[in-house]
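The lines below spell out each chain.
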Amino acid sequence: MAIDFLYLNEPDMIKAGVLDELRCIEAMRSTISLFGKKDYLLGGPKADEHGLQVNFPFESDIPGFPLDDGPDRRFMAMPAYLGGKYHIAGEKYYGSNSHNTRKGLPRSILMVMLSDVETGAPIALESANLLSAMRTGAMPAMAAQYLAKKDSKVLSIIGPGAIGKCAMNCLLAVLPEIDEIRIKGSSIKSASAAGLVKYIEEKYPHIEKISICSSLQEACEGADVVSEAMSVNKADMEEFKPEWFEPGCTVFSLGSFYFTEYDKLPSVTMVVDNYGMYDKYMKNFMAIGWTDELGRRRKWGAMGMNFVHLVDEGVIAREDVINLADIVNGECGVRKSDDEIIYCSIGGMPLEDLSWGYECYETASKLGIGQNLNLWDEPYLR
């Protein structure tokens with residue numbers, strides 16, 4: 001039996017609508033709804049693995065051995081199955097190295113493979129840098145439709161890279177009252193921050209005020225919505241302080257949320273995309289020693305790990321951490337008042353890559369976009 005599959009390079013993905021914010025947001029809504037209905041599989045015996053990651057050592061005696069010498073240095077495979085209208089299997093795979101920028105490359109280079117659920121045969125192989133950035137940016141925008149104040153006016157973008165830019169585009173698509181954008185990059189002279197300012201001026205002329213902030217505090221105080229997508233070394237991280245977030249603020253963390261004042265967290269509403277994933281993060285970090293002196297919490301990492309820590313310590317109940325899927329599926333309420341402060345942790349799952357990748361694949365197939373490749377006409381081995 002012959003097997004062919006569709007190859008979509010980055011220009012093909014753009015033609016297939018990978019940058020369509022509103023359509024991607026709806027795909028994320030469908031994905032999280034299916035997640036809440038348990039119509040999915042992730043890796044691991046409890047289906048709670050973000051993916052399988054190769055952890056590089058900090059040093060090695062072997063000449064030329066790859067080292068963990070920058071943020072997000074990793075190889076990673078993220079397999080999953082997503083049901084519902086998608087009924088698709090597949091994985092996202094990537095290599096990541098912060099030194100790529102010296103070569104004019106993105107830090108991470110990503111591909112998504114869609115596969116037939118029954119046979120495992122490839123259906124599509126897709127360039128996934130834009131796909132991944134869009135699905136990541138669409139998640140806080142989808143969540144903001146339930147959690148953020150409808151009249152939110154001040155948006156802070158913490159980390160003005162590709163993910164931060166996509167999150168901004170998607171948030172602006174659902175929060176039409178935003179008229180001020182604050183940007184916090186690695187420094188006040190950050191090239192990516194300056195580039196984002198120019199981009200906003202050209203694409204969103206209705207934004208009345210754009211500023212590059214010199215500190216996290218400046219970016220966060222007075223903001224209605226904060227979207228964090230930082231990728232920095234532990235030594236370069238600034239700590240978020242709870243007093244910076246004023247009543248009514250919604251904080252979305254897509255990257256690393258360095259936070260130590262755990263006693264202040266029970267006063268805010270805590271929301272997660274996948275609690276089990278953060279619980280597994282904690283166990284994995286404990287296994288390789290990336291925890292505090294007591295061997296428990298990790299002060300820097302995904303926001304949801306802070307919530308898991310509070311549950312593990314008995315400070316709050318598991319039920320105090322709200323599942324985003326329950327909100328999407330109407331099983332619990334949304335924002336209770338304009339004074340409520342909400343922290344929402346979005347770590348990302350390969351389920352989102354599959355749904356958005358499948359949507360783009362369907363469009364490409366209908367429009368005749370991409371290149372058909374042949375795996376075999378008949379398999380040599382049976």
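Just so you know, these numbers come straight off a predicted model, no measurement behind them.

Looking at the pattern of salt bridges
Taken as a whole, this structure holds 18 salt bridges when the rule is applied. Taking the shortest distance from any N to any O, the salt bridge between arginine 135 and glutamate 352 comes out at 3.2 Å. Taken together, the positions of arginine 135 in helix α3 (residues 129-147) and glutamate 352 in helix α10 (residues 350-367) put the pair 217 residues apart, joining distant regions of the chain. A single network of salt bridges, built from pairs that share partners, joins Lys92, Arg135, Glu352 and Asp353.

With respect to the nonpolar core
Met168, Phe240, Phe245 and Tyr343 are the most contacted members of the largest nonpolar core, which totals 118 residues. At eleven residues, the largest contribution of residues to this core is made by α3. In this structure tyrosine 343 touches Pro242, Phe245, Val251, Phe257, Phe259, Leu265, Val268, Thr269, Met270, Val271, Met303 and Phe307, once residues within four positions along its chain are discounted.

A few points about the packing of aromatic side chains
What the rule picks out here adds up to 13 aromatic pairs. On the numbers, 6.4 Å between centres and 80° between planes, the contact of phenylalanine 259 with tyrosine 262 is edge-to-face. Of the residues examined, phenylalanine 259 reaches a relative accessible area of 1% and is grouped as buried. Tyrosine 262 sits in the buried class, given a relative accessible area of 7%. Arranged with centres 6.0 Å apart and planes meeting at 50°, the rings of tyrosine 358 and tyrosine 361 form a pair that is tilted. Highlighted residues: tyrosine 358 and tyrosine 361, both in helix α10, separated by three residues, approximately one helical turn. Its end group placed over the ring of phenylalanine 56, arginine 73 keeps NZ or CZ at 4.2 Å from the ring centre. A cation sits over an aromatic face here: arginine 73 above phenylalanine 75, 5.8 Å from the ring centre.

The rules we used
Residues numbered from 1 in each chain as written. Predicted model: local features only at pLDDT ≥ 70, side-chain atom pairs only at ≥ 80, totals over all residues. Heavy atoms only, no water. Salt bridge = Lys/Arg side-chain N within 4 Å of Asp/Glu carboxyl O. Helix = DSSP H or I, 4+ residues; strand = E, 2+ residues; numbered from the N terminus. Core = buried A, V, L, I, M, F, W, Y, C linked by side-chain atoms within 4.5 Å. Buried < 20%, exposed > 50% of the residue type's maximum accessible area, 1.4 Å probe, protein only. Contact = heavy atoms within 4.5 Å. Phe/Tyr/Trp six-rings, centres within 6.5 Å; stacked < 30°, edge-to-face > 60°. Lys NZ or Arg CZ within 6 Å of the ring centre and 35° of its normal.

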